[in-house]
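Now for the letters of each chain:
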Amino acid sequence: MTSLQSRHALESKALDHLWLHSNDLEWNELVDGGLRVFVEGRGSTLIDVNGKQYIDGLAGLFVVAIGHGRTEIGEAMAAQAGKLAYTAASNAANPAAIALAEKISSLTPGDLDRVFLCSGGSEAVESAMKIAKQVQVMRGFAKRYKIIARRGSYHGTTFGAASLTGSASEKYFGPFMPGVSKVPNPNHYRNDFGLEGEAGDIMCARFVEQEILTQGPENVAAVIGEPISAANGTHIPTPTYWKMLREICDRYGVLLIMDEVITGWGRTGKVFAAEHFGVVPDIMTMAKGLSSGYAPAAAVAVRSSIFDDFRPDGNALAHLITFGGHAVAAAAALKNIEIMERENLIERSAEMGSYLFELAQGLQSHPTVGDVRGGKGLLCAIDFVKDKTTREAWGTSHPFIRKMALRTQEEGLVTRVWDVLHLAPPFVLTRGEAEQAIDIIDRCLTEVESEFADEIS
């Protein structure tokens, strides 16, 4: 057990020197006990510096698919580092990177069999955009530079990826990259067109076509979207939506990019979420579950017909990533995939996802739970509202939401609470842990609802 003095020293050093990445807590909330310093993980459990255990309800950040504490991945990384840790990805390769590219291409749908390795999801999205723009120029369409994205989606935080995402950060970093336009995202709870289910999805797809026509097909390089957008609240489109997008893009010579950074590698109960919809994109991004976070690893998979256009120039993409194809990261990803396959963890994601979704639906008895979405693997969302009739959201900065974020963590559940509470635990989650997670949310809701009863309709 870490001494009290050592615990306080670690927390103090973190607050004094470590610039935490984006978080849901304000500085005073971190100082007053909101900061958690985790020192160990086992399966779906995280242990902080004080010895307290938590259910990792978000797999880190939709990342740790196979669970924490897999020592065999560390051993594989050490073995690779002892032989060869790094080679430049330009005009050179290493056996681990080659094996990873081969493995990815064997599992991606259709003819997505050429793999560009990166070290993070934002890098993968940046690379996908550049591939799409460059191939359009190489095909003789020099004006095709525009990208159509969807409102509410998330594609990363590097400048180009953030331009596709759009967010409050635009007030600090804007104007963002030119040539990006946004269209409605499928939403089965607050649809932009006031429609339900497939009818709303069809309108969202038609809006994409209208945006292509508005921008001019001769100016549009690609359309990008997550198969299922966690950032937008885990609304699961009908297959019709994605099939329409595929047909629309083909009709106008626009490339279709599926961002599987979150949904890829089993999160939705399939290796890739695209499989649920029977659609093969032109370009697919992936990260997170590719290595389960044991090393920074990401990739872009492209169709053969796209890569073939690069061959005359020696396959040169006017873009590179210093740590793309890093041998140690590739070894970690390969061992991660091996574990997934050996333990049938993607099938387990589908099974446990159904059970977690079934349990979460019981929360709809609460006056503040407007909708519960999920059922495709371990990806679930609980939509908080002030009023079930009007579906009015609280707003992410409302004290109700902030109190729920703090209370669930204090009770032993690490998750993310915006207007939607996200659940995406590791695939090794047990039935008992799923029940415990929902029980924590249930108890915290009861407590916090009593404090804000006057605002609840």
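Just above, that's the structure.
Residues numbered from 1 in each chain as written. Predicted model: local features only at pLDDT ≥ 70, side-chain atom pairs only at ≥ 80, totals over all residues. Heavy atoms only, no water.

Student: Before we move on, could you go through the sheet that holds strand S3 (residues 53-56) and cite the residues and values that matter?
Tutor: Strand order in the open sheet formed by four strands is S1-S2-S3-S14, and the pairing between neighbours is mixed. Strands at the two margins of the open sheet, each flanked by one partner only, are strand S1 (38-42) and strand S14 (413-414). The sheet contact formed by strand S2 (residues 45-48) and S3 spans three bridges and is antiparallel. By the bridge assignment for S3, Ile 47 is matched with Gln 53. (Pairing = 2+ DSSP bridges. Helix = DSSP H or I, 4+ residues; strand = E, 2+ residues; numbered from the N terminus.)

Student: Let's hear about the side chain of Lys 386: which residues, and what values?
Tutor: Relative to the helices and strands, Lys 386 is located in strand S12 (residues 377-387). A relative accessible area of 17% places Lys 386 in the buried class. Look past the residues within four positions of Lys 386 in its chain and what remains in contact with it is Glu 392, Ala 393, Trp 394, His 398, Glu 455, Ile 456 and Ser 457. (Buried < 20%, exposed > 50% of the residue type's maximum accessible area, 1.4 Å probe, protein only. Contact = heavy atoms within 4.5 Å.)

Student: Quick rundown of the environment of Ala 161? Include the residues and the values.
Tutor: Along the chain, Ala 161 falls in helix H7 (residues 159-165). In this structure Ala 161 comes out as buried when scored by relative accessible area, which is 0%. Not counting the four nearest positions on each side in its chain, Ala 161 is found in contact with Ser 122, Val 125, Glu 126, Met 129, His 155 and Gly 156.

Student: Give me the packing of aromatic side chains: which residues, what numbers.
Tutor: Counted under the stated rule, the structure contains 11 aromatic pairs. Taken together, a centroid distance of 5.5 Å and an interplanar angle of 80° make the contact between Phe 159 and Phe 176 edge-to-face. A residue pair is termed long-range when its members are at least 10 positions apart, and Phe 159 in helix H7 and Phe 176 in the loop between helix H8 (170-173) and strand S6 (180-183) qualify at 17 residues. Its relative accessible area of 45% is what places Phe 159 among the partly exposed residues. Residue Phe 176 is classed as buried on the basis of its relative accessible area, which comes to 10%. If you follow Arg 114 out to its NZ or CZ, it ends over the ring of Phe 307, 3.8 Å from the centre. (Phe/Tyr/Trp six-rings, centres within 6.5 Å; stacked < 30°, edge-to-face > 60°. Lys NZ or Arg CZ within 6 Å of the ring centre and 35° of its normal.)

Student: Give me the lowdown on the pairing of S12, citing residues and values where you can.
Tutor: Sheet faces and side chains relate simply in a regular strand, where the side chains alternate between the two faces. Within S12, 11 of the 11 residues are buried, leaving the element largely enclosed by the surrounding structure. Here five bridges tie strand S11 (residues 369-375) to S12, and the two strands are oriented antiparallel to one another. Bridging from a neighbouring strand, Asp 371 pairs with Asp 383 of S12. Hairpin connection of S11 to S12: one residue between the antiparallel strands. In this sheet, strand S16 (residues 420-423) lies alongside S12 in antiparallel orientation, the contact comprising four bridges.

Student: Could you give an account of the pattern of salt bridges, with specific residues and numbers?
Tutor: Two side chains with opposite charge may pair up if their charged atoms get near one another. Under the definition given, this model contains 26 salt bridges. Here Arg 246 makes a salt bridge to Asp 250, at a shortest N to O gap of 2.8 Å. With Arg 246 and Asp 250 both in helix H10 (residues 239-252) and four residues apart, this pair spans about one turn of that helix. Between Glu 338 and Lys 335 there is a salt bridge whose closest N-O contact spans 3.3 Å. Of this pair, Glu 338 and Lys 335 both sit in helix H12 (residues 327-342), three residues apart, roughly one helical turn. Among the charged side chains, a salt-bridge network with shared partners connects Arg 70, Glu 72, Lys 335, Glu 338, Arg 342 and Glu 343. (Salt bridge = Lys/Arg side-chain N within 4 Å of Asp/Glu carboxyl O.)

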